[in-house]
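Here is how the chains run, residue by residue.
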Amino acid sequence: MEVEEQIPNFNTPHEDIGAAFNAINAINEYDSGLCDEEDKRILKEIKLMALYIIHIGISEIYNSNFYDSEKESS
C-alpha cells in the first residue's frame with residue numbers, strides 16, 4: 001500500500017478574500033423572496049461567514065503591512 005504525502009493547503013489572505021468574495025457573488029443573484037426559510041438561513045450564513053473571512057484576511061494584511069510602523073510610533 002502506498003502512502004501519499006499530503007501537502008498542507010495554506011491559503012494566503014488574498015486567496016481567502018477572493019474565495020469569500022466569489023461566494024458572496026455566487027449567492028447575490030438569489031431572490032430571497034422566492035426562497036423558503038431554510039434557504040434564507042443558508043444564504044444569511046454564507047454571507048456572514050464570507051464577511052468574517054474577509055474581515056480576518058484584511059486584518060492579517062493590515063497587521064503584516066503596518067505592524068512595524070505601529071510598533072515604532074508607540
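The paragraphs below set out a description of the structure included in this document. (Residues numbered from 1 in each chain as written. Predicted model: local features only at pLDDT ≥ 70, side-chain atom pairs only at ≥ 80, totals over all residues. Heavy atoms only, no water.)

Looking now at the overall build of the protein chain. When helices and strands are tallied, the protein chain shows 2 helices and 0 strands. Burial analysis of the protein chain (74 residues in total) assigns 14% to the buried set. Summing over all exposed atoms, the protein chain offers an accessible surface of approximately 6700 Å²; the carbon and sulfur share of this is 55%. (Helix = DSSP H or I, 4+ residues; strand = E, 2+ residues; numbered from the N terminus. Buried < 20%, exposed > 50% of the residue type's maximum accessible area, 1.4 Å probe, protein only. Areas by Shrake-Rupley, 256 points an atom, 1.4 Å probe, with all protein chains shown as cover.)

The next subject is the packing of aromatic side chains. A full pass over the atoms with the stated rule returns 1 aromatic pair. With a centroid separation of 4.8 Å and 40° between ring planes, the pair formed by tyrosine 62 and phenylalanine 66 is classed as tilted. Taken together, the positions of tyrosine 62 and phenylalanine 66, both in helix α2 (residues 37-73) and 4 residues apart, correspond to about one turn of that helix. For tyrosine 62, a relative accessible area of 40% translates into the label partly exposed. (Phe/Tyr/Trp six-rings, centres within 6.5 Å; stacked < 30°, edge-to-face > 60°.)

All right, on to the nonpolar core then. Ranked by size, the top nonpolar core spans 5 residues in total: Ile17, Ala20, Ala50, Ile54 and Ile61. Broken down by secondary-structure element, the contributors of at least two residues to this core are α1 (13-27) and α2. Counting residues per element, this core draws most heavily on α2, which supplies 3 residues. What isoleucine 61 contacts, discounting residues up to four positions off in sequence, is Pro13, His14 and Ile17. (Core = buried A, V, L, I, M, F, W, Y, C linked by side-chain atoms within 4.5 Å. Contact = heavy atoms within 4.5 Å.)

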